[in-house]
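Per-entry structural report
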Amino acid sequence: MLHNVRDNYIISVKDHVSQFEEKSFRKLASNDFKSWPSPREETWRLSRLGVLSRKEITPITPNFKKQISSVSKFNGSKIIRFVDGAFREDLSSKLPPGSSLNILGEEDSLRCFHKFKDSNLKDHPSTNVSFSCTPSIVKLTIEKDVKIRDLFEIIYEGGDDDSSVHPALYIELKDKSSITIIERFNHLSSLIMPLQLVELKKNASINSLKIFNDNQHSYNLSANCTFLSEKSNYNSFSLIKGGLFTRSETHAYLKGENCNLNLNGVYLSSKNQHHDLTTAIYHDVPNCTSKQIVRGVLGGKSTGVFQGKVRVAPDAQKTDGQQMSKAILLSENAIANAKPELEIYADDVICAHGATVGEIEDDQLFYLKSRGISEKKAKQILITAFLKDIINESVTESMQNFVFEEAELALSEIISKEI
Amino acid sequence: MPLLEIKNAKLKLDDKDILKGLSLSVNSGEVHAIMGPNGSGKSTLSYMLAGRDGYELESGEVFLEGQSLSDMEADKRARSGLFLAFQYPVELPGVGGMSFLREAVNSRRKFLGEEELDHLAFVKEARKVASKMFVKDEMLKRAVNVGFSGGEKKRFEILQMAMLMPKVSILDETDSGLDVDALKIVSDGVNEQRNEENAIVVITHYQRLLDYIVPDFVHILSDGNIIKSGGPELALEVEKNGYVGLINAA
Ligand SMILES: Nc1ncnc2c1ncn2[C@@H]1O[C@H](COP(=O)(O)OP(=O)(O)OP(=O)(O)O)[C@@H](O)[C@H]1O
Ligand SMILES: [Mg+2]
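The paragraphs below set out a description of the structure included in this document. Model, not experiment: these values are computed from the prediction. (Residues numbered from 1 in each chain as written. Chains lettered and ligands numbered in written order. Predicted model: local features only at pLDDT ≥ 70, side-chain atom pairs only at ≥ 80, totals over all residues. Heavy atoms only, no water.)

**Remarks on the overall build of chain B**
Scanning chain B from N- to C-terminus turns up nine helices and ten strands. For chain B, whose C-alpha radius of gyration is 18 Å, the value lies close to the compact-globule estimate of 18 Å for 250 residues. By principal-axis analysis of the C-alpha atoms, chain B measures approximately 55 × 40 × 35 Å. A buried classification covers 54% of the 250 residues belonging to chain B. Looking at chain B alone, contacts between residues at least 24 apart form 69% of all its contacts between residues at least 6 apart. Side chains of chain B carry 30 positive and 39 negative charges; the gap between the two charge centres is 3 Å. (Helix = DSSP H or I, 4+ residues; strand = E, 2+ residues; numbered from the N terminus. Rg over C-alpha atoms; globule rule 2.2 N^0.38 Å. Buried < 20%, exposed > 50% of the residue type's maximum accessible area, 1.4 Å probe, protein only. Contact = heavy atoms within 4.5 Å. Lys, Arg positive; Asp, Glu negative; His and termini not counted. Charge placed at Lys NZ, Arg CZ, Asp CG, Glu CD.)

This is the structure we're talking about:
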């Protein structure tokens, strides 16, 4: 009997791990990769992966001699490079004192794997596939009390047509440490499955900026699992503009009191792109705050998805959870979906959510036009303002211009086609 | 030739007749006041003149300096010299006041064949006009109308008028929401722009404004039509007897 094309990728993942021992985390992970999620699964209903099961893709074998093409965008940043999903020490900066990068051994990798498997990312395809196929799990540690002043710039690139890449990064911030990290995804691969585990210990604080700008044929299925301890602070902003299909999924577990989480994002979509920001925030303890603001601008036949789940456990009194999403459609054929999901089991909480999808506001457009500003220019002004607003609110001041310029490039592409 | 001429304008909103054959002729150098009860169609008239989508005439015509406005979009009308001070100015989150003003002024200048102002020259000019209107520099840095008080919004409208130097200005209830001092400031701002080349149409409910901006003509708009026109004394009559007597007499 001919085996189904659908199984091809599953078989090549199993091939990839065939050399490892039965009890290795790779084998365990590959055992759990039985199929791509079906559109009947609630969290994959709006972002379907059917196409992947019909593609001929194999996990890449990293080429450690590959030429790199992405340059650093920041003077003096500390660069960490992943090429073909593999950490490249030879192409990375020497890190400042109090910070270190290590490749995890089998035991630590297994522990890391279990942290994912204990979370609600356990069935995410990237969890199982990337733990099976990653060249190695890389851990970035920031020691206790260390406040890193340098910007850490992590650049992911490489990959080939018909191959998948599997970078895996574990970031641990020990007590009272802090850092700002920008991650740039510039792959050429058909399929990109980045894994990230973030652990913030007491009073630790991270500013995280992600720019998804992979090749226009790529599928990026990013999975991020974050744990926050007491009084820690996770401030994250994602800009999704590249790829054919980019889904950034983040699950955050608020485990210690008085911690604070911001998970903001912008997607800019044109042509037949599909962009998805999926989040799940678990308020397990009292007195924490979380806030999500997501904005999208869509043209062409693109689709945008925001799925945001906030779960407040029965004990998590005095939780403040806010969620707001807004998408502007510039074309009749573009579609934006917003699916807020609140599960609140505590009674003394403030949780608010709102979602709007629409066009540019008529009265704003008319006001600008009534001042002699052309319709095209007026729309451009309003959309730019729409993005600037959230970028300025989400990103530290020194990075605002950079993020805005990155957004503007994609925006001008959308606008030039639509207005 | 009148600067602004409205001929037998009829307009429906949601199948409801709002303007019912209104005519008005405004010559350069003149100030006209339009008064009328709530819902009589004053703002509808001003939106129609400014070219808001959905406010197209069903029949009749409007001319600005002899040129028909029927096929002209709002932005082109504005560049040609028509200005509307909104009854309810619109908030533009994220759009900085200064860059907004500059974009507007340069659009108008380009139309007039004048050189566009560079950033520095523009900021200087804007500050000069702003100080006359007692608009603080700080307000120009903020997003347009966002968090402005009612009175601040109105002042900002007149500041825009001063910078755009329009041919015909329509001021839709610019006096409402202004305290006595602000009323004086705004009126002075308007009066300063009065000249023989332009014209102003003020829509108001209160005679008080007309003590400051003294009109050449006063019109009473009721139920989509001008039912009576006269000089400044007509406004005093409204103040004294209300609209009811006038409407019944018409
Ligand atoms: N979209 C609409 N559809 C139907 N009727 C409308 C619409 N917009 C306004 N109207 C009606 O048109 C009439 C005129 O409204 P308009 O705002 O022009 O009045 P106005 O004279 O400016 O009143 P005010 O003094 O209160 O400002 C009102 O009866 C109003 O309810
Ligand atoms: Mg009105």
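From this point, the narrative continues.
**Looking at the pattern of salt bridges**
With the rule as written, the count across this model stands at 46 salt bridges over all chains. Residues D276 of chain A and R247 of chain A are paired through a salt bridge, measuring 2.9 Å at the closest nitrogen-oxygen approach. Placement of D276 of chain A in strand β17 (residues 274-283) and of R247 of chain A in strand β15 (residues 245-254) is noted, with a sequence separation of 29 residues between them. Across the pair E157 of chain B and R371 of chain A runs a salt bridge, and its minimum N-O distance is 2.7 Å. Linking E157 of chain B in helix α6 (residues 150-164) with R371 of chain A in the loop between α6 (362-369) and α7 (375-394), this pair reaches from one chain into another. (Salt bridge = Lys/Arg side-chain N within 4 Å of Asp/Glu carboxyl O.)

**Observations regarding the sheet that holds strand β9 (residues 217-222) of chain B**
Strands pair in a sheet through their backbones, by hydrogen bonds, and they do so in one of two ways: parallel or antiparallel. Residue and element names in this part refer to chain B. With respect to topology, six strands assemble into an open sheet ordered β6-β7-β8-β3-β9-β10, the strand pairing being mixed. The sheet is open, and its two borders are formed by β6 (82-85) and β10 (225-230), each paired with just one other strand. For this sheet the average axis-to-axis angle between neighbouring strands, irrespective of direction, equals 20°. Of the pairings in the sheet, the one linking strand β3 (residues 31-35) to β9 comprises four bridges and is parallel in character. What sits directly across from I34, in β9, is H219. Along the sheet, α6 contacts β6, β7 (168-172) and β8 (199-203); its crossing angle with β6, the most-contacted strand, is approximately 170°. (Pairing = 2+ DSSP bridges. Axes fitted to C-alpha atoms, helices over the stretch in contact; angles between N-to-C directions.)

**Digging into the site of ligand 1**
All names here are of chain B. Around ligand 1 lies a shell of 15 residues, among which G39, K42, S43, T44 and H205 are the nearest. At 2.8 Å from an oxygen atom of ligand 1 is found a main-chain nitrogen or oxygen belonging to S43. Protein chains shield 67% of the accessible area of ligand 1, which is 640 Å² for the free molecule. For the shell around ligand 1, the secondary structure elements donating two or more residues are β2 (16-26) and α1 (42-50). A per-class count over the shell around ligand 1 returns three nonpolar, eight polar and four charged. (Near = heavy atom within 4 Å. Polar contact = N/O pair within 3.5 Å; in protein donor to acceptor, adjacent residues only side chain to side chain. Areas by Shrake-Rupley, 256 points an atom, 1.4 Å probe, with all protein chains shown as cover. Nonpolar A, V, L, I, M, F, W, Y, C, P; charged D, E, K, R; others polar.)

**Description of a negative patch on the surface**
Together, E332, E359, E361, D362 and D363 of chain A together with D53 and E56 of chain B line one region of the surface with negative charge. Looking at where E359 of chain A falls in the secondary structure, it is placed in the loop between β22 (350-358) and α6. (Patch = residues over 30% accessible without salt bridge, like charges linked within 9 Å, V, L, I, M, F, W, Y side chains within 5 Å.)

**A word on the pairing of strand β6 (residues 147-158) of chain A**
Residue and element names in this part refer to chain A. Counting buried residues along β6, nine of its twelve residues qualify, which places the element largely inside the surrounding structure. Taken together, the nine bridges between β6 and strand β9 (residues 178-187) define a ladder with parallel strand orientation. Within β9, the residue paired with L151 across the bridge is T180.

**So, the coordination of the magnesium ion (ligand 2)**
Residues and elements named next belong to chain B. For the magnesium ion (ligand 2), the full set of protein donor atoms is S43 (OG) and Q87 (OE1), and the range of their distances to it is 2.0 to 2.1 Å. Placement of the pair is S43 in helix α1 and Q87 in the loop between β6 and α3 (97-111), with a sequence separation of 44 residues. Both residues of the pair, S43 and Q87, belong to the buried class. (Donors = N, O, S within 2.8 Å, 3.2 Å for Na, K, Ca; no water.)

**With respect to the sheet that holds strand β4 (residues 59-64) of chain B**
All names here are of chain B. Taken together, the four strands give an open sheet; going across it, the order is β2-β1-β4-β5, and neighbouring strands pair in antiparallel fashion. Here the strands that pair on one side only, and so sit at the sheet edges, are β2 and β5 (67-68). Bridge analysis of strand β1 (residues 4-13) against β2 gives eight bridges, and the strand direction is antiparallel. Counted as the bridge partner of A9 is L22 from β2. Contacts from α1 reach β1, β2 and β4, with the element oriented near 110° to β1.

**Some words on helix α7 (residues 180-193) of chain B**
Residues and elements named next belong to chain B. Between its first and last C-alpha atoms α7 spans 20 Å; for 14 residues at 1.5 Å apiece the expected length is 20 Å, and the two agree. By the burial criterion, the buried members of α7 are A182, L183, I185, V186, S187, G189, V190 and Q193. At its buried positions, α7 is contacted by α4 (119-132), α6, β7, β8 and α8 (207-212). Regarding α7, its N-cap is D179, as a side-chain oxygen of that residue lies 3.1 Å from the backbone nitrogen of D181 further along. (Expected span 1.5 Å × (residues − 1).)

**What about the packing of aromatic side chains?**
One pass over the full model with this rule turns up 22 aromatic pairs over all chains. Ring centres 6.0 Å apart and planes at 55° place the aromatic pair F82 of chain A and F87 of chain A in the tilted group. Of the two residues, F82 of chain A and F87 of chain A, both sit in the buried class. Between the aromatic rings of Y47 of chain B and Y55 of chain B, the centroid separation amounts to 5.2 Å while the plane-to-plane angle is 65°, which identifies the pairing as edge-to-face. Y55 of chain B matches Y47 of chain B in its accessibility class, with the two residues each being buried. Taken together through their ring pairs, the aromatic side chains of F366 and Y367 of chain A together with Y47, Y55, F86, F100, F148 and F156 of chain B make up a single cluster. Positioned over the ring face of W44 of chain A is R247 of chain A, at 3.6 Å from the centre of the ring. Between the NZ or CZ atom of K388 of chain A and the centre of the ring of F404 of chain A, over which it lies, the distance is 4.5 Å. (Phe/Tyr/Trp six-rings, centres within 6.5 Å; stacked < 30°, edge-to-face > 60°. Lys NZ or Arg CZ within 6 Å of the ring centre and 35° of its normal.)

**Describing the interface of chain A and chain B**
Facing the 17 residues of chain A at the interface are 28 residues of chain B. In total, chain A and chain B occlude about 1900 Å² of area from one another, counting both sides; carbon and sulfur atoms represent 66% of this. Counting the surface chain A buries against chain B, the share from its top three residues, F366, Y367 and R371 of chain A, is 41%. Counting across the interface, chain A meets chain B through two salt bridges. Salt-bridge contacts for K369 of chain A lead to E73 of chain B; the nearest nitrogen and oxygen are separated by 2.4 Å. Summed over the shared surface of chain A and chain B, the number is eleven residue pairs in polar contact (both at pLDDT 80 or more). If you list the elements that add at least two residues to the side of chain A that touches chain B, you get α6 and α7 of chain A. (Buried area = accessible area lost by both parts, 1.4 Å probe.)

**So, unusual backbone geometry**
Of note in this structure, D162 of chain A is not a glycine but carries a positive phi near 65°. Residue position: D162 of chain A is located in the loop between β6 and β7 (163-165). Of note in this structure, D223 of chain B is not a glycine but carries a positive phi near 50°.

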